[in-house]
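# Geometric and topological summary
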Amino acid sequence: MSERGTFGSKLAIVLATAGSAVGLGNIWRFPFMTGQNGGAAFILVYFACVFLLGIPGMVSEFIVGRRAQSNAARAYGAIGGKAWRFIGYLGILTSMIILGFYAVVAGWCLQYLFASVAGQLDGDAAYVIDYFKTFSSDPLRPCLWGVGFVLITHFVIARGVNDGIERASKLLMPLLLILLLVIVVASCLLPGAGAGIEFLLKPDFSKVSGSVFLEALGQAFFSLSLGTSCLCTYASYFKRDTNLLHSATQIALLDSAIAILAGLMIFPAAFSVGVQPDSGPSLIFITLPNVFREAFGAMPVVGYVISILFYALLVFAALTSTISMHEIGTAFFHEELHIPRKRAAWILTIVCSTITVFCSLSVGAYEGLRVLGLSLMDFCDYLTAQYMLPLGAFLTSIMLGWFVSRDIVQEEFTNSGTISVALFRVWLFAIRYVVPVCIVLIFLHQFGVI
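To keep things clear, this report deals only with the structure shown in the data block.

Conventions used here
Counting starts from 1 at the beginning of each chain's written sequence and moves along it residue by residue. The predicted nature of this model means local features are confined to residues of pLDDT at least 70 and side-chain atom pairs, given and counted, to a pLDDT of 80 or more, with totals for whole chains, interfaces and linings taken over all residues. Remark: hydrogens and water are excluded; side-chain values derive from all non-hydrogen atoms of the structure. To obtain each axis, a line is fitted to C-alpha atoms, and for helices this fit is confined to the stretch in contact; angles are then taken between N-to-C directions over 0 to 180 degrees. Think of it this way: any DSSP run of H or I at least four residues long counts as a helix, any run of E at least two long counts as a strand, and we number them from the N terminus. Under this scheme an angle from 65 to 115 degrees is roughly perpendicular, one under 35 degrees roughly parallel, and one over 145 degrees roughly antiparallel; angles in between are oblique. With the far helix as reference, a near helix turned anticlockwise by less than a right angle produces a left-handed crossing, and one turned clockwise produces a right-handed crossing. Any two residues having at least one pair of non-hydrogen atoms within 4.5 Å are treated as being in contact. In this scheme Phe, Tyr and Trp rings, the latter by its six-membered ring, pair at centre separations within 6.5 Å, and the angle between planes marks the pair as stacked below 30 degrees, edge-to-face above 60, and tilted otherwise. Burial status follows relative accessibility: with a 1.4 Å probe on protein chains alone, a residue under 20% of its type maximum counts as buried, one over 50% as exposed, and anything between as partly exposed. Residues forming no salt bridge and having over 30% relative accessible area are the ones grouped into patches, like charges within 9 Å of each other and nonpolar side chains (Val, Leu, Ile, Met, Phe, Trp, Tyr) within 5 Å. Areas reported here follow the Shrake-Rupley algorithm with a probe of radius 1.4 Å; residue values treat only the protein chains shown as occluding. What counts as a salt bridge is simple: a side-chain nitrogen of Lys or Arg found within 4 Å of a carboxyl oxygen of Asp or Glu. In plain words, nonpolar cores are sets of buried Ala, Val, Leu, Ile, Met, Phe, Trp, Tyr and Cys residues tied together by side-chain atoms within 4.5 Å. Every helix has an expected span of 1.5 Å times one less than the residues it contains. This arc is taken over the directions from the axis of the helix to the C-beta atoms. Identification of polar contacts relies on pairs of N or O atoms within 3.5 Å, with a donor-acceptor requirement for protein atoms, meaning one able to donate a hydrogen and the other able to accept it, and with residues adjacent in sequence counted only if both atoms are side-chain atoms.

With that settled, consider the packing of helix α1 (residues 10-21) against helix α12 (residues 244-272). At a minimum axis distance of 9 Å, the contact between α1 and α12 shows a crossing angle of 50°. Looking at the two axes, α1 sits oblique to α12. When the axes of α1 and α12 are compared, the crossing they make is right-handed. Contact residues: I13, V14, T17, A18 and A21 in α1; S247, Q250, I251, L254 and D255 in α12.

Here's what the structure looks like:
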């Protein structure tokens, strides 16, 4: 078995790990939640949650991964003991399910990118709605695009840590940021865009309630990829002198900045044409094509270019996330089965492609594929988001906070004493008390108890 790779620079660490967090959810979920929950007031609450829950949770997974320098299952077993390998197995399974259904939407984005280039989205509102319904209900095309996206991810992962993940991250993340900034500028220059900016950024503290705090807490939790073992796996490629707290802070801030920019991209354009953005697929595949057409109606060439750039942005955002999801299982099969990395990647690709096909069919051609009244795709989303992710993060905080030797945890956090012990004490308090309580609150909120 070949020697494990490591990220070649601090920039690579930030870009690759931030890429795992930045995804389609930043584009549609964060802006919508911000607008509906008090604008800038929600953003302030969200930032507080990132620092209370997100960064301590990220550092926890970083400690496990870098300490063990191995795949997630072996890493949790090495630092906590055999019984705790369960967390790693849970993260690997979670990531495979997420990649399976996430690739469906990523495939839709890829199809819409090609449709934008071909000028196939140039029609009235009824045409755009019908276009999405026709495409998504087709039994073959969505499956092919979804599996195709998994294959694109596969070929990045198969090249390894340095030639695959690191190189792709250094290319995709800057491109993503550039595209986002270009569309933000174009959107904010539209007539009437000021109303959208005000809607997003003007604080409305009257809307801030206990439920808003819990919504912000959940968004911070899911946005930063906590509980998937992604951060643990990527940290296994960190160098020993990596400042874990500093890296986690940079990644959290970059992820949050991209989410806010996504709001500045969507709301000004939507308000310019008098449209209230929805959340989810309807925003990306129905609402926004109409927004681009109407907002840039006087400049059809500009509207055409913006539409292409937008769907290219979505493809890049999706790819940075699918790469990280794929790597979790690939590293596991590579190291546990003692097989070449490329063969391990194929195992993951075949399993996830199968999930992609069934999830795609469940929301299109064969709606009878349902579990507990939900389409298979919605069920996979619900199962991972509501149960598996919070459980993984909760168990990680309990293990590190209460069961692993404090000396070991302190050594990793402080890089053998080169980082302030006072910061370690603050982090340890957070991971022992604040993070578990916050996750329990998320669980109770999801179950309707509070």
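Taken as a whole and assessed by the stated rule, the structure comprises 30 aromatic pairs. Ring centres 6.4 Å apart and planes at 50° place the aromatic pair F7 and F238 in the tilted group. Of this pair, F7 sits in the segment before α1 while F238 sits in the loop between α11 (230-235) and α12, and the two are 231 residues apart along the sequence. Each member of the pair, F7 as well as F238, carries the same accessibility label: buried. Plain terms: the ring middles of Y89 and F332 are 5.9 Å apart, the flat faces sit at 85° to each other, and that makes the pair edge-to-face. Taken together, the residues span a long stretch of sequence, with Y89 in helix α5 (residues 85-117) and F332 in helix α14 (residues 300-336) at a distance of 243 residues.

Our next topic: the environment of A235. Relative to the elements of secondary structure, A235 occurs in helix α11. In this structure A235 comes out as buried when scored by relative accessible area, which is 0%. When the C-alpha positions of A235 and K170 are compared, they lie 17 Å apart, and in sequence the two are 65 residues distant. Residues contacting A235, with those up to four places away along its chain left out, are E61, F62, G65, R66 and Q69.

We now examine a nonpolar patch on the surface. A contiguous nonpolar surface patch, about 620 Å² in accessible area, is contributed by Y382, Y387, V437, L441, F447, V449 and I450. Every element with two or more residues in the nonpolar patch is listed here: α16 (376-403) and α18 (421-446). When its relative accessible area of 31% is taken as the criterion, L441 is described as partly exposed.

Turning to the nonpolar core, a few remarks are in order. Of all hydrophobic cores here, the largest spans 157 residues; its most connected members are F7, M265, F310 and W427. Setting aside chain neighbours within four positions, we find F7 in contact with A12, I13, A16, V161, N162, I165, E166, Y234, Y237, F238 and K239.

The N-to-C vectors of α5 and helix α6 (residues 125-136) enclose an angle of 130°; their axes lie 12 Å apart at closest approach. Considering their axes alone, α5 and α6 lie oblique with respect to each other. The two elements α5 and α6 cross, and the hand of that crossing is right-handed. Here W108, Q111, Y112 and A115 of α5 lie close against α6, whose contacting residues are Y131, F132, F135 and S136.

What follows concerns the pattern of salt bridges. A full pass over the atoms with the stated rule returns 10 salt bridges. Here R67 ties to E411 by a salt bridge, and the two come within 3.4 Å at their closest N and O atoms. Here R67 is found in helix α3 (residues 40-68), whereas its partner E411 is found in helix α17 (residues 406-413), with 344 residues between them in sequence. Judged by relative accessible area, R67 falls into the partly exposed class, the value being 29%. The residue R74 makes a salt bridge to E336 at a minimum N-O spacing of 2.8 Å. Note that R74 is positioned in helix α4 (residues 72-80) and E336 in helix α14, a separation of 262 residues in sequence. Within the structure, one salt-bridge network assembled from shared partners comprises R66, R67, R240, E411 and E412.

A separate point is α6. If you check α6, its first and last C-alpha atoms are 17 Å apart, about what 12 residues at 1.5 Å a residue would give, namely 16 Å. Residues of α6 that are buried: V128, Y131, F132, F135 and S136. Viewed along the axis of α6, the buried residues span an arc of 110°, placing them on a single side of the element. α6 presents A126 and K133 as exposed residues on the side facing more than 90 degrees away from its buried surface. For α6, the elements touching its buried residues are α5, α7 (141-157) and α13 (281-295).

With respect to the secondary-structure elements, R66 resides in helix α3. Taking C-alpha positions, R66 is 21 Å from R167, a pair spaced 101 residues apart along the chain. In this view, R66 contacts A235, S236, F238, K239, R240, D241, T242, L244, E412 and N415; residues no more than four positions away in its chain are not counted. Within the local environment of R66, its side chain forms a polar contact with the backbone oxygen of T242, the two atoms lying 2.7 Å apart.

Let us now look at the environment of I79. Within the secondary structure, I79 sits in helix α4. Residue classification places I79 among the buried residues on the basis of a relative accessible area of 10%. Remark: the alpha-carbon pair of I79 and L400, spanning 321 residues in sequence, is separated by 8.7 Å. Those residues within four positions of I79 in sequence are excluded, and the remaining contacts are I63, V64, R67, M399, L400, V404 and I408.

Distances and angles like these do not, on their own, reveal function.
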